[in-house]
Amino acid sequence: MKNLRTHGKSTIVWVLMGLMILGLGGFGVTSFSGGSTAIGSVGGTKITAEDYARALRNQMNAYGQQTGQPLSMAQAQAIGLPQAVQSQLITAAALEDQASRIGVSVGDEKVRQTILEAPAFRGPTGSFDRAAYADVLRRENMSEAEFEREIRTDEARLLIQRAVAGGISAPKPAVDTTAKWILERRDISWRELTADMLPAPVAEPDEAALKAWHSANADRFTAPELRKITYVWLTPEMLAPSVQLDEAALRAAYDANIGEYQRPERRMVSRLVFPSAEEAQAAKAQIDAGTAPFETFVVQRGLQPEDAELGEVSQADLGAAGEAVFALEQPGVVGPLQTDLGPALFAVHAILEPVNIPFEQAREDLRAEAALDRAARTIEERSAEYEDLLAGGATLEQVAEETDLELGTLDWSADAAPAEGSIAGYQAFRDRAAETSEADFPELASLDDGGVFALRLDQVVPPTLRPFEEVRDEVEADWRRSEAHRQLLALAEEQRLSDAAEGQAAPEWTAVKDVTRDGWAEGAPAETVRRAFAMTEAGDVEIVDAENRVILLRLDAIHEADMTAEDALRINDAVRERLGQSLQSDIFDYYARAVQREAGIALDQQAINAINAQVQ
């Protein structure tokens with residue numbers, strides 16, 4: 001159901017749902033030309049600039065939270081978000097006008113109760129906090145009287161909404177029919193026809209047939225749009241060989257990461273503590289005899305195996321038990337050993353050899369890592385220099401001559417896989433290559449590894465049909481696949497008629513029992529099940545042409561839904577609720593449209609445009 005608690009002008013959505021405190025405001029009436037500018041009205045009820053700006057910003061922020069990226073006004077307009085917000089506000093204003101006209105309102109006690117129950121106004125104790133109430137209203141540029149008036153109006157709108165659509169339920173025949181349709185099951189059989197079943201191999205095509213195929217299927221042999229690009233780029237990996245590093249810097253890097261180069265022997269260990277040494281010894285005896293593994297006793301203690309894991313430990317980490325645990329020469333169980341928690345068994349799962357890599361051996365790896373880090377910082381420091389050159393009108397060729405950036409050219413296509421080590425392997429480059437026009441000037445942009453680049457679009461080569469001589473082998477292969485498929489469809493039609501007439505299953509049929517509408521037939525295209533539920537009579541045979549495969553499908557049996565099953569009752573309840581909500585939504589929508597037509601709608605597009613230009 002369309003719910004005014006989540007749409008449009010509703011103060012309840014901005015405050016009671018907690019959205020006001022997210023800082024989505026700041027677009028009060030004084031931000032738009034001063035005064036209480038209206039963007040439109042429904043009957044005698046105005047839609048103010050504040051209403052529209054706040055609702056629009058709220059929706060844009062919601063989209064941004066869903067996608068993880070801020071939504072710009074240009075993007076919002078591209079998906080029709082301003083129009084949707086206006087529609088919501090118009091509906092809210094129409095109901096407000098209707099409530100005023102017919103005298104629907106709520107009392108002070110209802111307004112008070114609504115405010116007291118609002119999560120946005122609760123303090124640390126979980127109850128209403130007047131300081132929080134005043135602070136939220138202050139940040140939203142609303143007085144208490146204005147806010148309480150909005151709540152009264154919103155509750156009146158909700159009363160009308162409930163009166164129009166409340167209590168409407170889905171008709172039982174519709175619910176039962178839909179639930180039975182969902183829960184129906186079918187038995188099917190299927191078999192696939194392959195090229196080796198054809199009575200004769202596909203004939204050799206002549207040149208005329210292939211050229212005709214090339215022309216008739218030009219889209220399959222058309223090269224995609226090519227963008228001829230000149231670019232400059234520099235990555236830390238490219239600059240690293242020229243970076244100078246002294247011995248002291250490498251030694252400092254070694255010391256800072258000493259844990260990677262110097263580690264004592266470690267073991268992957270689990271520990272299980274027992275109430276007594278006798279119980280621990282009895283468990284150890286069963287483990288040694290092979291009658292029960294260590295994990296059995298973990299589970300018997302009401303634990304999961306991960307609860308007993310100590311992870312990767314050194315001998316020192318285990319205290320007094322360390323010597324005995326590290327005396328094992330291979331994975332196994334040792335104990336019982338006394339610990340601070342009581343007698344315990346220790347299971348060694350893996351032995352990790354000590355690590356002892358001296359500085360001299362680690363120097364080259366350290367140098368490579370440190371050089372990359374230094375190169376990335378150098379590129380960042382010089383980026384302003386590169387940007388100044390480009391802003392000053394330097395060409396990419398000149399930038400390459402005067403800096404460390406390397407010049408390159410590329411015939412780029414969005415559909416082509418980038419070559420190994422190519423700049424086209426970077427998403428940032430692909431995005432910029434796709435959106436740049438020939439009129440754009442090169443601008444510096446960042447790569448995700450700390451590098452930078454700039455590009456220039458030299459020419460756009462539109463999609464072009466590749467000459468027949470160049471793609472002849474591709475044309476022939478495509479023709480053969482198509483011809484084989486055509487012949488398989490013809491063969492399938494012959495067999496379909498034969499099988500339907502005989503009504504008997506051939507040995508190669510694969511039977512699938514009790515298929516549901518959302519189920520599948522293993523090994524068959526997904527279209528198979530959909531087609532099975534479109535068939536009407538048991539024994540019918542049809543051809544499924546999907547995923548470049550030819551399938552013969554036979555409907556063996558139709559099983560009506562068992563509406564007494566537990567699953568059926570659950571589905572029936574869900575269908576009743578879904579259909580009821582749909583009916584309520586439709587009825588309320590018809591009512592809202594009628595109210596709008598009766599009251600009359602007026603919109604000030606100039607005021608709307610002004611707000612759109614400022615809400616970014």
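Above this text is the structure in question.
Residues numbered from 1 in each chain as written. Predicted model: local features only at pLDDT ≥ 70, side-chain atom pairs only at ≥ 80, totals over all residues. Heavy atoms only, no water.

Participant: What's the story with the nonpolar core in this structure? I'm lost.
Facilitator: The tendency in soluble globular proteins is for nonpolar side chains to be buried side by side. Within the largest apolar cluster, 23 residues are counted, with the highest numbers of intra-cluster contacts made by Ile-39, Ile-47, Tyr-52, Leu-56, Met-60, Ile-611 and Val-615. Among the elements of the structure, β1 (38–42), α2 (49–67), α3 (73–78), α4 (81–102) and α22 (605–614) are those that each provide at least two residues to this core. When sequence neighbours within four positions are dropped, the list of residues in contact with Leu-56 reads Met-73, Pro-82, Val-85, Asn-612 and Val-615. (Core = buried A, V, L, I, M, F, W, Y, C linked by side-chain atoms within 4.5 Å. Buried < 20%, exposed > 50% of the residue type's maximum accessible area, 1.4 Å probe, protein only. Helix = DSSP H or I, 4+ residues; strand = E, 2+ residues; numbered from the N terminus. Contact = heavy atoms within 4.5 Å.)

Participant: What am I meant to see in the sheet that holds strand β19 (residues 601–603) here?
Facilitator: Hydrogen bonding along the main chain pairs the strands of a sheet, whether they run parallel or antiparallel. Read from one edge of the open sheet, three strands run β2-β1-β19, paired in antiparallel fashion. For this open sheet the edge positions go to β2 (45–48) and β19, each flanked by a neighbour on one side alone. This sheet shows a mean twist of 20 degrees between the axes of neighbouring strands, independent of strand direction. Bridging between β1 and β19 involves three bridges; their strand directions are antiparallel. When the bridges of β19 are listed, Gly-40 appears paired with Leu-603. Packed on one face of the sheet, α2 meets β1 and β2 and runs near 50 degrees to β2. (Pairing = 2+ DSSP bridges. Axes fitted to C-alpha atoms, helices over the stretch in contact; angles between N-to-C directions.)

Participant: Please clarify how the pattern of salt bridges should be interpreted in this entry.
Facilitator: When charged atoms on two side chains of opposite charge get close, those side chains can pair. Under the criterion given, the structure shown has 39 salt bridges. A salt bridge links Arg-472 to Glu-207; the nearest nitrogen and oxygen atoms lie 2.5 Å apart. Here Arg-472 is found in helix α19 (residues 468–502), whereas its partner Glu-207 is found in helix α9 (residues 207–216), with 265 residues between them in sequence. What you see here is one network of salt bridges that share partners, running through Glu-204, Glu-207, Arg-472, Glu-476 and Arg-480. (Salt bridge = Lys/Arg side-chain N within 4 Å of Asp/Glu carboxyl O.)

Participant: Please clarify how α22 should be interpreted in this entry.
Facilitator: Restricting attention to buried positions, one finds in α22 the residues Ala-607, Ile-608, Ile-611 and Asn-612. Buried residues of α22, viewed axially, fall in a sector of 140 degrees; they line one side. Exposed side chains of α22 directed beyond 90 degrees from the buried face belong to Gln-606 and Ala-613. Elements in contact with the buried residues of α22: β1, α2, α3, α4 and β19. If you check the start of α22, you find a side-chain oxygen 3.1 Å away from the backbone N of Gln-606, and it comes from Asp-604. (Arc of directions from axis to C-beta. Polar contact = N/O pair within 3.5 Å; in protein donor to acceptor, adjacent residues only side chain to side chain.)

Participant: Would you mind going over unusual backbone geometry with me for this structure?
Facilitator: Generally, phi is negative for residues other than glycine and the peptide bonds are trans, each holding for most cases. Residue Pro-336 follows Gly-335 across a cis peptide bond; omega there is 0 degrees. When you line up the elements, Pro-336 lands in strand β9 (residues 332–339). Of note in this structure, Asp-514 is not a glycine but carries a positive phi near 50 degrees. Inspection of the secondary structure puts Asp-514 in strand β16 (residues 510–515). Judged by its relative accessible area of 42%, Asp-514 falls in the partly exposed class.

Participant: Honestly, the packing of helix α8 (residues 172–183) against helix α21 (residues 566–599) in this entry has me stumped. Any pointers?
Facilitator: Helix-helix packing is characterised by the crossing angle of the two axes and by the distance between the axes. The geometry of α8 relative to α21 is characterised by a closest axis approach of 9 Å and an angle of 130 degrees between their N-to-C directions. Between α8 and α21, the crossing angle belongs to the class labelled oblique. For α8 against α21, the interelement crossing comes out right-handed. Of the residues in α21, those touching α8 at Ala-174, Val-175, Asp-176, Thr-178, Ala-179, Ile-182 and Leu-183 are Asp-567, Ala-568, Ile-571, Asn-572, Val-575, Arg-576 and Leu-579. Of the residues contributing to the contact of α8 with α21, the split by class is nine nonpolar, two polar and three charged. (Parallel < 35°, antiparallel > 145°, perpendicular 65-115°, else oblique. Left-handed = near helix turned anticlockwise from the far one by under 90°. Nonpolar A, V, L, I, M, F, W, Y, C, P; charged D, E, K, R; others polar.)

Participant: What should I look at first to understand the packing of α2 against α22 in this one?
Facilitator: Where α2 contacts α22, the axes come no closer than 10 Å and their chain directions differ by 40 degrees. In this view, α2 runs oblique relative to α22, as classed from their interaxial angle. In terms of crossing hand, the pair formed by α2 and α22 is right-handed. Contacts from Ala-49, Tyr-52, Ala-53 and Leu-56 of α2 reach α22 at Ile-608, Ile-611 and Asn-612.

Participant: What is the right way to look at the environment of Leu-226 in this model?
Facilitator: Within the element layout of this structure, Leu-226 appears in strand β5 (residues 226–234). Sequence-wise, Leu-226 and Asp-415 are 189 residues apart; in three dimensions their C-alpha atoms are separated by 9.7 Å. When sequence neighbours within four positions are dropped, the list of residues in contact with Leu-226 reads Asp-411, Trp-412, Ser-413, Gln-459, Val-460 and Val-461.

Participant: Any chance you could explain the sheet that holds strand β14 (residues 452–461) here in plain terms?
Facilitator: The sheet built from four strands is open, its strands ordered β12-β5-β14-β13 with antiparallel pairing. Sheet topology places β12 (406–412) and β13 (445–446) at the edges, where each strand pairs with a single neighbour. Of the strand pairs in this sheet, β13 and β14 are connected by two bridges, and their pairing is antiparallel. Opposite Ser-446, over in β14, you have Val-452 as the bridge partner. The sheet strands contacting helix α18 (residues 427–435) are β5, β12, β13 and β14, and the helix crosses β14 at an angle near 35 degrees.

Participant: I tried to follow a negative patch on the surface on my own but got confused; where do I start?
Facilitator: On the surface, Glu-385, Glu-387, Asp-388, Glu-401 and Glu-402 cluster together to form a negatively charged patch. Ranked by residue count, the leading element in the negative patch is helix α16 (residues 359–391), at three residues. For Glu-385, the position within the fold is in helix α16. (Patch = residues over 30% accessible without salt bridge, like charges linked within 9 Å, V, L, I, M, F, W, Y side chains within 5 Å. Areas by Shrake-Rupley, 256 points an atom, 1.4 Å probe, with all protein chains shown as cover. Lys, Arg positive; Asp, Glu negative; His and termini not counted. Charge placed at Lys NZ, Arg CZ, Asp CG, Glu CD.)

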